[in-house]
Amino acid sequence: MDYIIRKVQTGDEGHLAYIQTESWKAAFKDILPKEILEKTTELNRATSMYKQLIDECIGNGYILEVNGAPHCIAWWDKARDDDMTDYAELISIHSLQDNWGKGYGTKMIEQVIEDIKDVGYTKIMLWVLVDNERARKFYESIGFITYGKTKPCFQTQEICYERYIEI
(Lines give C-alpha, C1' and ligand atoms only; values in the text may rest on other atoms or scores of the structure.)
Protein backbone atom coordinates (compact mmCIF):
# COMPACT_ATOMS: atom_id res chain seq x y z
CA MET A 1 0.00 0.00 0.00
CA ASP A 2 1.16 3.50 -0.78
CA TYR A 3 1.40 5.91 2.11
CA ILE A 4 2.57 9.44 2.77
CA ILE A 5 3.13 11.34 5.99
CA ARG A 6 2.51 15.07 6.02
CA LYS A 7 2.21 17.85 8.55
CA VAL A 8 -1.33 18.79 9.50
CA GLN A 9 -2.84 21.93 8.04
CA THR A 10 -5.95 24.03 8.35
CA GLY A 11 -8.93 21.90 7.38
CA ASP A 12 -7.51 18.64 8.77
CA GLU A 13 -9.29 18.92 12.11
CA GLY A 14 -12.17 16.68 11.01
CA HIS A 15 -9.82 13.90 9.90
CA LEU A 16 -7.77 14.22 13.10
CA ALA A 17 -10.87 14.05 15.30
CA TYR A 18 -12.37 11.12 13.40
CA ILE A 19 -9.19 9.05 13.58
CA GLN A 20 -8.70 9.81 17.27
CA THR A 21 -12.26 9.04 18.31
CA GLU A 22 -12.55 5.86 16.23
CA SER A 23 -9.17 4.66 17.47
CA TRP A 24 -10.20 5.30 21.08
CA LYS A 25 -13.47 3.40 20.59
CA ALA A 26 -11.60 0.36 19.33
CA ALA A 27 -8.58 0.49 21.64
CA PHE A 28 -10.25 1.47 24.91
CA LYS A 29 -13.62 -0.33 24.74
CA ASP A 30 -12.45 -2.86 27.34
CA ILE A 31 -10.29 -0.42 29.31
CA LEU A 32 -12.39 2.68 30.02
CA PRO A 33 -15.88 2.82 31.54
CA LYS A 34 -18.57 3.25 28.89
CA GLU A 35 -19.62 6.72 30.06
CA ILE A 36 -16.03 8.03 29.96
CA LEU A 37 -15.42 6.50 26.53
CA GLU A 38 -18.60 8.07 25.17
CA LYS A 39 -17.63 11.50 26.53
CA THR A 40 -14.03 11.34 25.29
CA THR A 41 -14.99 10.16 21.81
CA GLU A 42 -17.49 12.94 21.08
CA LEU A 43 -16.57 13.96 17.54
CA ASN A 44 -17.52 17.65 17.70
CA ARG A 45 -15.52 18.15 20.88
CA ALA A 46 -12.43 16.50 19.37
CA THR A 47 -12.83 18.51 16.15
CA SER A 48 -12.92 21.76 18.13
CA MET A 49 -9.81 20.75 20.06
CA TYR A 50 -7.84 20.03 16.89
CA LYS A 51 -9.06 23.21 15.23
CA GLN A 52 -7.76 25.20 18.20
CA LEU A 53 -4.40 23.39 18.14
CA ILE A 54 -4.00 24.09 14.42
CA ASP A 55 -5.26 27.69 14.57
CA GLU A 56 -3.01 28.55 17.50
CA CYS A 57 0.00 26.61 16.15
CA ILE A 58 0.26 24.52 19.32
CA GLY A 59 2.51 21.50 18.95
CA ASN A 60 3.34 19.51 15.85
CA GLY A 61 0.82 17.28 14.14
CA TYR A 62 1.07 14.70 11.36
CA ILE A 63 -1.31 12.67 9.25
CA LEU A 64 -0.35 9.42 7.55
CA GLU A 65 -2.47 8.68 4.49
CA VAL A 66 -2.82 5.20 3.01
CA ASN A 67 -3.78 5.20 -0.66
CA GLY A 68 -4.85 8.83 -0.29
CA ALA A 69 -7.09 8.29 2.76
CA PRO A 70 -6.17 9.56 6.27
CA HIS A 71 -5.36 6.61 8.51
CA CYS A 72 -2.95 7.55 11.33
CA ILE A 73 -2.26 10.74 13.27
CA ALA A 74 0.39 11.86 15.72
CA TRP A 75 0.94 14.99 17.79
CA TRP A 76 4.01 16.04 19.77
CA ASP A 77 5.24 19.08 21.67
CA LYS A 78 7.57 19.92 24.53
CA ALA A 79 6.85 17.76 27.57
CA ARG A 80 4.08 19.03 29.82
CA ASP A 81 5.52 17.48 33.01
CA ASP A 82 7.48 19.93 35.16
CA ASP A 83 10.16 17.32 35.92
CA MET A 84 10.74 16.47 32.23
CA THR A 85 11.38 19.88 30.67
CA ASP A 86 14.25 18.58 28.52
CA TYR A 87 11.99 16.00 26.86
CA ALA A 88 9.74 16.14 23.83
CA GLU A 89 6.37 14.48 24.46
CA LEU A 90 4.47 12.25 22.07
CA ILE A 91 1.06 13.49 23.13
CA SER A 92 -0.90 11.19 20.87
CA ILE A 93 -0.66 8.65 18.13
CA HIS A 94 -3.82 7.04 16.79
CA SER A 95 -4.71 4.93 13.81
CA LEU A 96 -7.83 3.37 12.40
CA GLN A 97 -8.24 -0.26 13.40
CA ASP A 98 -8.49 -1.66 9.86
CA ASN A 99 -4.74 -1.21 9.33
CA TRP A 100 -3.41 -2.03 12.81
CA GLY A 101 -0.33 -4.21 12.76
CA LYS A 102 0.79 -3.20 9.26
CA GLY A 103 3.71 -0.97 10.30
CA TYR A 104 2.11 2.44 9.83
CA GLY A 105 2.45 3.34 13.52
CA THR A 106 6.16 2.58 13.33
CA LYS A 107 6.50 4.77 10.23
CA MET A 108 4.69 7.57 12.04
CA ILE A 109 6.91 7.28 15.13
CA GLU A 110 10.00 7.36 12.91
CA GLN A 111 8.76 10.61 11.33
CA VAL A 112 7.99 12.17 14.72
CA ILE A 113 11.40 11.19 16.09
CA GLU A 114 13.15 12.73 13.07
CA ASP A 115 11.20 15.95 13.61
CA ILE A 116 12.01 15.95 17.33
CA LYS A 117 15.67 15.29 16.62
CA ASP A 118 15.78 18.14 14.07
CA VAL A 119 14.53 20.53 16.76
CA GLY A 120 17.32 19.39 19.09
CA TYR A 121 15.68 17.11 21.62
CA THR A 122 17.55 13.97 22.66
CA LYS A 123 14.77 12.44 24.77
CA ILE A 124 11.12 11.68 24.11
CA MET A 125 8.43 10.60 26.56
CA LEU A 126 4.78 9.59 26.42
CA TRP A 127 1.93 8.50 28.66
CA VAL A 128 -0.12 5.37 27.97
CA LEU A 129 -2.95 3.74 29.89
CA VAL A 130 -1.54 0.98 32.10
CA ASP A 131 -4.12 -1.53 30.81
CA ASN A 132 -3.43 -0.75 27.14
CA GLU A 133 -1.24 -3.80 26.62
CA ARG A 134 -1.30 -3.56 22.81
CA ALA A 135 0.11 0.00 22.87
CA ARG A 136 2.61 -0.81 25.60
CA LYS A 137 3.99 -3.74 23.59
CA PHE A 138 4.24 -1.47 20.55
CA TYR A 139 6.18 1.22 22.42
CA GLU A 140 8.48 -1.35 24.02
CA SER A 141 9.14 -2.93 20.61
CA ILE A 142 10.50 0.39 19.31
CA GLY A 143 12.77 1.13 22.25
CA PHE A 144 10.63 2.91 24.84
CA ILE A 145 11.12 1.91 28.48
CA THR A 146 9.33 2.71 31.69
CA TYR A 147 10.65 3.36 35.17
CA GLY A 148 7.21 2.92 36.71
CA LYS A 149 6.12 6.59 36.96
CA THR A 150 2.30 6.67 36.92
CA LYS A 151 -0.51 9.18 37.28
CA PRO A 152 -4.30 8.94 37.48
CA CYS A 153 -6.26 9.25 34.25
CA PHE A 154 -9.92 8.52 33.42
CA GLN A 155 -10.56 6.42 36.57
CA THR A 156 -7.48 4.32 35.79
CA GLN A 157 -3.73 4.99 35.57
CA GLU A 158 -1.30 6.10 32.90
CA ILE A 159 2.31 5.00 32.89
CA CYS A 160 5.20 7.04 31.53
CA TYR A 161 7.51 5.67 28.85
CA GLU A 162 10.66 7.34 27.59
CA ARG A 163 13.37 6.86 25.02
CA TYR A 164 16.67 8.48 24.12
CA ILE A 165 17.03 9.74 20.57
CA GLU A 166 20.30 9.09 18.83
CA ILE A 167 21.65 12.21 17.15
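Preceding this section is the structure that the text describes.
Conventions and cut-offs
Residue numbering note: each chain is counted from 1, following its sequence as written. Residues qualify for local features only when their pLDDT is at least 70, as the model is predicted, and side-chain atom pairs are given and counted only at 80 or more; totals for whole chains, interfaces and linings, by contrast, use all residues. The side-chain numbers reported here are obtained from all heavy atoms of the structure, hydrogens and water having been left aside. Only strands joined by at least two bridges in the DSSP assignment are considered to pair. Numbering of helices and strands runs from the N terminus; a helix is a DSSP stretch of H or I covering at least four residues, while a strand is a stretch of E covering at least two. Here an axis means a line fitted to C-alpha atoms, over the contact stretch when the element is a helix, while the angle between two N-to-C directions is reported on a 0 to 180 degree scale. When checking whether two residues touch, look at their non-hydrogen atoms; a contact exists if any pair is within 4.5 Å. Take the number of residues in a helix, subtract one, and multiply by 1.5 Å to get its expected span. A 1.4 Å probe rolled over the protein chains alone gives each residue an accessible area, and that area as a share of the maximum for its type sets the label: buried under 20%, exposed over 50%, partly exposed in between. Of all possible arcs, the one meant is that of the directions from the helix axis to the C-beta atoms.

(A) Quick look at the sheet that holds strand 1 (residues 3-7). The seven strands lie next to each other as 1-2-3-4-5-7-6, forming an open sheet whose pairing is mixed. Every interior strand has two partners, whereas the edge strands, strand 1 and strand 6 (150-153), have only one. Within this sheet the neighbouring strands show an average axis-to-axis angle of 30°, counted without direction. Here strand 2 (residues 60-66) pairs with strand 3 (residues 69-78) via seven bridges, running antiparallel. Bridge pairing links glutamate 65 to proline 70 in strand 3. In this fold helix 4 (residues 104-119) packs onto strand 1, strand 2, strand 3, strand 4 (88-95), strand 5 (123-129) and strand 7 (156-164), with an angle of close to 150° to the strand it touches most, strand 2.

(B) Highlighting helix 3 (residues 43-55). Over its 13 residues, helix 3 runs 18 Å from end to end, which matches the ideal 18 Å to within 8%, given 1.5 Å per residue. For helix 3, every residue scored as buried is listed here: Ala46, Tyr50, Leu53 and Ile54. For helix 3, the angular spread of buried residues about the axis comes to 95°, placing them on one side. Among the structural elements, helix 1 (13-28), strand 3 and strand 4 are those in contact with the buried residues of helix 3.

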